[in-house]
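Descriptive structure summary
So you can see what is in the structure, the chains are spelled out below.
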Amino acid sequence: MNGSSRILDNVDRERRDAVEERVEELLADMTLEQKAGQLTQFSAGFLTGTDIESGNVEDAVAAGLVGSLLNVESLADAREFQELAVEESPHGIPLVLALDVIHGYRTTFPAPIGEAATWDPDLVERSSAIAATEAAANGVHWTFAPDVDVTRDPRWGRVMETSGEDPTLASAFARARVRGFQGDDLAGEETLAACAKHYVGYGASEGGRDYNTVNVSETNLREQHLPPFAAAVDEGVATVMNAFNVHERIPASGSEYLVDEVLKGDLGFGGLLVSDWNSFGEIAVHGAADGEREAAKAAITAGSHVDMVSGVYDHLPDLVREGEVDEATVDEAVRRVLELKGALGLFEDPYRYFDEERAESAVLTDGARETARESARESAVLLENDEGLLPLSPDDDVALVGPYADEPAHMLSSWTAEGRPDDVTTLRAAMADRHEGDLTHVRACDPDGTPVDGGREAALDAAADADVVLVTVGEPRRWGGEAASRAHLDLPGEQGDLVAALAEADAPVACALFSSRPLAVPDLADSVAALLEAWFPGTEAGPGVADVLYGDSDPGGRLPVSVPRTEGQVPVYYNHLNTGRPVPEEEEHHYPPTEDETVFCSRYLDVPNEPLYPFGYGRSYADVEYVDWAFGPETVADGESVTVEVTVENGSDRPATEVVQVYTRDRVGSRARPVKELAAFEKVHLGPGERRAVTAEVDAEDLAFWTADEEWAAEPGTFDLMVGRSSADIAFSGAFELVE
Ligand code: GLC
């Protein structure tokens, strides 16, 4: 399979031939220094990593010693750099310009963890396509997204860039984002080259500390971390980024096993690989290469291609001249860079993405804002709603309290590209627009929970006069994202105390939570009547969240990740193994246990094993019943599928959103198998009283795992089939057989 999915595979015959011809002509004519140049990427503006001096970028571009740039700050700069490359460098090879367009360019969609909470890949494909349109109109060719890391650790700040803990869900979003960014044609003026990152295992950083050691088994690598990369490759992702971490003590960028054997071999990736920020240079810092020259050798020999900012490829020409690296290996890497440029249409017109008029008119359109609003409301997860406190009535007198009601910058989360606070409509503004009763706003403290003078008193005064208190709390946006790990998963500062004090007042308290990660907040959950996890919802934060708070839209979100009760449970995830000593289900458990309770089982003495809220969970305002189901056939062979049909009924007089989730359990395998694995899901919107049959397919190939024979295969046997509204709320279960 090696090298089968080339970047040019999707390019029509005539153009592909022309690009291939040009690439070979260039390769035949380039010096080793110029080849190393094509494999070198510099930052042209702000830094998105450690402080690294790229030297004089203009001179290097004009000399043909740079193949790509990231973080170019404006369209005018982009044009200037491209002119230098095309008009002054020896072969006139255009630059490819990259940027982290993670959840929007100018129009900002919810942070990726929030987008994953929509459980709606089609919606995320649309938002990614909008991001691509806006970015491509502003001179960007290549985005470093999607992040397809799977993580079970909410301490890790980059959980916000992921689709959460489940490989099936993460794979669905990986595909959606690749399709959305890349469209059908990389040369289209509304598409970007995508980049699946970070390859691989980065989501397993020990202790949730960013850039830390990773220690995953082969089984875990294959079953948890690789599937979304396989999905992205299958979807035709043009590029992949190496991770910072080690695998088996070898830095991922220099791992022949990961890059050559698994990514190019097993997964069949034939596109371009780019390092992470300085990750080639860091091979030496890890202590896995003796200095920069050896680091460069390790990276290129492993099969990695482009160096982002480390500069170690200065050594490449000598490594070739001294016989330590084959020139053919370098040529193959350069070929991928040039193929990307060709596929983007840059050989035909290096300036094709530079149109000052479109740069303005293509961004922040009404349609983009509407999709951002839809994404915001579909990502909000209703965690609690005692006595139906929500939705709010527009006639109520509401005390809107807390530091996140009117903080536009925070709503954009981390990785904002061109997102601007001025474009954001906050919750306060959106509510002021539609609320009819009294609406009193008290900020009470800063977003990091630092008290402001008189804040608490003003909040309590407002609460005393209100029918309902709506309190907004959370963690600052920069506490999530890269280099933003936390050991505690609590609400920072005095926010917890503020909510506790408000809860003592007469008016019931609803809470909107803004965060990059699941927070372990059992006390908050206990003290408020209603709790809505809004994540960081983006440009249309206010209107989207208000749509849900007022009940125009049923809360559309379901958790893509388990919410722990306490940091001490981490990692806590739904698709765990049974262990040899599972906790007996029939027994009642106490914390601490009573004397006659079983303790020789896999449990804590002080908290339950279960998370505060399970994977897949999210409440509805409506009353959706799982009425009936059927599935068949009850025996399937390789290449066949089980069709599951579930009838759901909205028993209320309001619209409902339901995410029907299908799980399987492989009862016996050559290796121990998880107690539950998401196999399929369908999000449906039901009108008042509507009954609908929802169909999902479980393919025999979805049952594959990394067997004791070290192959990706499904083993014959009995599989439990479960359907429900979350991983912990199963409405129907049955079983089927997989036969040879
Ligand atoms: C980083 C990140 C990566 C990003 C790159 C370029 O440090 O780890 O996700 O794409 O820099 O900004």
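Below, the structure is looked at part by part. Computed from a predicted model, the values in this text were never measured in an experiment. (Residues numbered from 1 in each chain as written. Predicted model: local features only at pLDDT ≥ 70, side-chain atom pairs only at ≥ 80, totals over all residues. Heavy atoms only, no water.)

Considering the site of the ligand
Contacts to the ligand come from 14 residues, most closely from Thr48, Asp100, Arg158, His198 and Asp276. Here aspartate 100 contributes a side-chain N or O atom positioned 2.5 Å from an oxygen atom of the ligand. Within the contact set of the ligand, an oxygen atom lies 2.6 Å away from a side-chain nitrogen or oxygen of aspartate 276. Relative to its unbound accessible area of 310 Å², the ligand is 100% covered by the protein chains. For the shell around the ligand, the residue count by class is seven nonpolar, two polar and five charged. (Near = heavy atom within 4 Å. Polar contact = N/O pair within 3.5 Å; in protein donor to acceptor, adjacent residues only side chain to side chain. Areas by Shrake-Rupley, 256 points an atom, 1.4 Å probe, with all protein chains shown as cover. Nonpolar A, V, L, I, M, F, W, Y, C, P; charged D, E, K, R; others polar.)

Notes on helix H6 (residues 121-136)
Taking 1.5 Å of rise per residue, the 16 residues of H6 would be expected to cover 22 Å, and the 22 Å separating its terminal C-alpha atoms lies within 8% of that figure. The buried fraction of H6 amounts to 12 of the 16 residues, a majority that puts the element mostly inside the structure. Listed as buried for H6 are Pro121, Leu123, Val124, Ser127, Ser128, Ile130, Ala131, Ala132, Thr133, Glu134, Ala135 and Ala136. Packing partners of the buried residues in H6 comprise helix H5 (112-117), helix H7 (167-182), helix H14 (356-361), helix H15 (366-379) and strand S23 (677-686). (Helix = DSSP H or I, 4+ residues; strand = E, 2+ residues; numbered from the N terminus. Expected span 1.5 Å × (residues − 1). Buried < 20%, exposed > 50% of the residue type's maximum accessible area, 1.4 Å probe, protein only. Contact = heavy atoms within 4.5 Å.)

Some points on the packing of H7 against helix H8 (residues 218-234)
When two helices pack together, their arrangement is given by the angle between the helix axes and by the axis-to-axis distance. The N-to-C vectors of H7 and H8 enclose an angle of 25 degrees; their axes lie 8 Å apart at closest approach. Comparing the axis directions of H7 and H8 gives the class roughly parallel. In terms of crossing hand, the pair formed by H7 and H8 is right-handed. Mapping the contact onto sequence places Pro167, Ala170, Ser171, Ala174, Arg175 and Val178 in H7 and Glu223, Gln224, Pro227, Pro228, Ala231, Ala232 and Asp234 in H8. Per-class residue counts for the contact of H7 with H8 are eight nonpolar, two polar and three charged. (Axes fitted to C-alpha atoms, helices over the stretch in contact; angles between N-to-C directions. Parallel < 35°, antiparallel > 145°, perpendicular 65-115°, else oblique. Left-handed = near helix turned anticlockwise from the far one by under 90°.)

Digging into the pattern of salt bridges
Under the criterion given, the structure shown has 56 salt bridges. A salt bridge links glutamate 190 to arginine 358; the shortest N-O distance between them is 3.9 Å. Residue glutamate 190 is found in the loop between H7 and strand S6 (195-199), and its partner arginine 358 is found in helix H14; the two are separated by 168 residues along the sequence. On the basis of relative accessibility, which here comes to 43%, the residue glutamate 190 falls in the partly exposed class. Aspartate 318 is paired through a salt bridge with arginine 321; the nearest N and O atoms lie 3.4 Å apart. With aspartate 318 and arginine 321 both in helix H12 (residues 316-321) and three residues apart, the pair spans about one turn of that helix. Connected through shared salt-bridge partners, Arg6, Glu24, Glu332, Arg335, Arg336 and Glu339 make up one network. (Salt bridge = Lys/Arg side-chain N within 4 Å of Asp/Glu carboxyl O.)

Focus: a negative patch on the surface
A contiguous patch of negative charge on the surface is contributed by Glu58, Asp59, Glu80, Glu83, Glu87 and Glu88. Elements with a minimum of two residues in the negative patch: helix H3 (57-62) and helix H4 (75-88). In terms of residue count, the dominant contributor to the negative patch is H4 (four residues). Residue position: glutamate 80 is located in helix H4. (Patch = residues over 30% accessible without salt bridge, like charges linked within 9 Å, V, L, I, M, F, W, Y side chains within 5 Å. Lys, Arg positive; Asp, Glu negative; His and termini not counted. Charge placed at Lys NZ, Arg CZ, Asp CG, Glu CD.)

What to know about the pairing of strand S22 (residues 656-666)
The element S22 is largely enclosed, with a buried count of 10 among its 11 residues. The pairing of S22 with S23 spans nine bridges and is antiparallel. When the sheet's bridge partners are listed, glutamate 658 is paired in S23 with valine 684. Note that S22 and strand S27 (residues 717-726) share six bridges and pair antiparallel. (Pairing = 2+ DSSP bridges.)

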